[in-house]
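Structural characterization, general
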Amino acid sequence: MKATKGLGIGLSVLIIGSASFVLPKMIAESADKKTLTIAHIHNDSAPVYQSLEEFAEGVEERAGDRLDLEIFPNGALGDERVMLELVQTGVIDMVKVNAGALESFDPSFSVFSLPYVFSDEEHFERVMDSETVQNMYASLSDIGLRGLTYFDAGARSFYTANHPIEKPEDLAGLKIRVMTNKTSIDTMKLLGAAPTPLPASEVYTGLQQGVIDGAESSSMALVDANHGEVAKFFSYDEHTRIPDFLIMSEDTWNALSDEEKKIVKEEAEASTIQHNIRWKDMVEDGVVQAEEEMGVTFNEVDQEPFRELVEPLLKESRDNPQVAEILDAFSNLE
């Protein structure tokens with residue numbers, strides 16, 4: 001297993017145009033061994049970076065004579081939407097993406113971006129380990145994808161450059177960076193903010209230069225992306241809890257032997273267990289670091305006024321029978 005900082009030797013052709021992004025097929029096969037590629041946007045300070053390294057190491061330890069994994073971190077192959085498209089077409093083999101990025105590919109995954117779907121962390125964990133989510137993984141095969149596992153990415157709250165968010169009225173007119181998906185944008189509108197989609201890589205400079213007034217993510221973003229250097233207020237409204245997913249090309253999955261599929265699936269799930277333990281520890285340490293080294297102020301808020309404002313979005317989402325069925329299944333696990 002090798003984490004490739006740049007585009008690597010295997011990427012002999014790279015064409016970037018205004019509307020297209022073309023790469024050669026990166027799964028290299030010989031008579032005895034397949035090389036599988038994994039791409040993601042994170043640097044080595046992010047918990048999921050290490051989790052993907054451990055996943056790759058676990059697969060190679062068990063199937064090193066048959067499978068080799070190469071990781072492309074730091075958004076080297078594009079943003080999450082671009083990488084999903086590359087996986088969908090079989091150009092690369094696996095990608096770690098936020099659930100919000102999947103919404104444009106499969107509307108049922110919009111459930112994970114809906115506000116206040118999970119009552120608490122324990123409810124979230126029960127849902128993510130449920131048969132309902134396993135069925136959602138498998139349903140992606142209709143669009144050339146397959147879900148393998150999830151990684152906890154924490155509850156998303158607001159952090160801002162100039163003043164804390166203590167009540168929804170404090171968001172009025174503020175330019176808040178959101179992911180590029182309809183559900184997140186609609187949530188911000190209902191809360192009174194001005195949703196401003198930006199790539200994750202542009203959030204720091206956006207805050208620094210005043211292009212945005214704040215962002216919404218977990219507290220880990222303050223330290224693993226250094227956003228605490230330019231955003232000094234973090235408010236725990238916890239409006240969403242959007243997981244990350246490890247997604248594989250359905251073509252790649254089908255090309256694996258039954259034993260290789262078993263190894264990949266088991267090691268993916270094992271990496272989730274270790275990731276979620278690590279995540280909790282790193283969040284606690286990160287809050288201390290953000291407070292003591294970056295001067296970030298953390299504040300609790302009354303979440304009920306936020307919940308009330310986004311209730312119309314939850315009701316509207318139930319117009320989609322598939323989403324309604326999934327939400328009912330989630331609710332039954334509370």
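Here the structure is shown first, and the text comes after it.
Residues numbered from 1 in each chain as written. Predicted model: local features only at pLDDT ≥ 70, side-chain atom pairs only at ≥ 80, totals over all residues. Heavy atoms only, no water.

Within a sheet, adjacent strands bond to each other through the backbone by hydrogen bonds, running parallel or antiparallel. Across the sheet, six strands lie side by side as S11-S10-S12-S9-S13-S15; this open sheet has mixed pairing. Each end of this open sheet is capped by a strand with a single partner; those strands are strand S11 (194-197) and strand S15 (297-300). Strand after strand, the sheet turns through a mean of 35 degrees between neighbouring axes, direction not considered. Looking at chain direction, strand S10 (residues 175-178) and strand S12 (residues 214-217) are connected through two bridges and run parallel. Note on S12: the bridge partner recorded for Ile176 is Gly214. (Pairing = 2+ DSSP bridges. Helix = DSSP H or I, 4+ residues; strand = E, 2+ residues; numbered from the N terminus. Axes fitted to C-alpha atoms, helices over the stretch in contact; angles between N-to-C directions.)

So, on to unusual backbone geometry. What is expected of a backbone is that most residues other than glycine have negative phi and most peptide bonds are trans. Backbone geometry at Asn226 places phi at a positive 65 degrees, although glycine is not the residue there. Counting through the fold element by element, Asn226 comes out in the loop between helix H8 (220-224) and strand S13 (233-240). Phi at Glu238 takes a positive value of approximately 50 degrees, unusual for a residue other than glycine. Following the sequence through the fold, Glu238 ends up in strand S13.

Another aspect to go through is the nonpolar core. Nonpolar side chains tend toward joint burial in soluble globular proteins. With 40 residues, the main nonpolar core has Leu84, Phe112, Phe245, Ile247 and Phe330 as its most contacted residues. By size, the runner-up hydrophobic cluster in this structure holds 21 residues, among which are Phe55, Leu148, Trp253 and Ile263. (Core = buried A, V, L, I, M, F, W, Y, C linked by side-chain atoms within 4.5 Å. Buried < 20%, exposed > 50% of the residue type's maximum accessible area, 1.4 Å probe, protein only.)

The computed volume of the largest pocket comes to approximately 1200 Å³. As for the largest pocket, its lining consists of 44 residues, of which Ile41, His42, Arg177, Ala200 and Ser201 are closest to the centre. By residue class, the composition of the lining of the largest pocket is 19 nonpolar, 15 polar and ten charged. Put simply, the second largest pocket is a space of about 310 Å³. Together, 16 residues line the second largest pocket, and Ala155, Ser219, Glu238, Trp279 and Val283 are the ones closest to its centre. When residues of the lining of the second largest pocket are traced back to their parent elements, those giving at least two are S13 and helix H10 (258-294). (1 Å grid on protein atoms, 1.4 Å probe; cavity = no way out; pocket = protein on both sides within 12 Å on 5 of 7 lines; lining within 4 Å. Points joined across faces, edges and corners; volume = space filled by probe spheres on them. Nonpolar A, V, L, I, M, F, W, Y, C, P; charged D, E, K, R; others polar.)

This paragraph deals with the side chain of Thr149. Locating Thr149 in the fold gives a position in strand S8 (residues 145-151). Within the local environment of Thr149, its side chain forms a polar contact with the side chain of Thr272, the two groups lying 2.5 Å apart. Those residues in contact with Thr149, other than ones at most four positions away along the chain, are Tyr137, Asp244, Phe245, Leu246, Ala268, Glu269 and Thr272. (Polar contact = N/O pair within 3.5 Å; in protein donor to acceptor, adjacent residues only side chain to side chain. Contact = heavy atoms within 4.5 Å.)

To continue, consider empty space enclosed by the protein. Inspection of every chain in the model, using the stated rule, returns one cavity of 30 Å³ or more. By volume, the largest cavity amounts to about 50 Å³. Every residue along the wall of the largest cavity is listed here: Ser113, Arg156, Met179, Ser184, Thr187, Met188, Glu216, His239, Thr240 and Ile242. Those elements that place two or more of their residues in the lining of the largest cavity are helix H6 (182-190) and S13. Per-element accounting of the lining of the largest cavity gives the leading share, three residues, to H6. Grouping the constituent residues of the lining of the largest cavity by class yields three nonpolar, five polar and two charged.

As a further point, take helix H4 (residues 121-128). Because an α-helix completes one turn every 3.6 residues, residues spaced three or four positions apart along the sequence face the same direction. Of the positions making up H4, those classed as buried are His123, Phe124, Val127 and Met128. Down the axis of H4, the buried side of the element spans an arc of 130 degrees, and every buried residue falls inside it. Lining the buried residues of H4 we find helix H5 (131-139), S8, strand S14 (244-249) and helix H12 (321-331). Where H4 starts, the residue carrying a side-chain oxygen 3.2 Å from the main-chain nitrogen of Glu122 turns out to be Asp120. (Arc of directions from axis to C-beta.)

These values are about where atoms sit, not about what they do.
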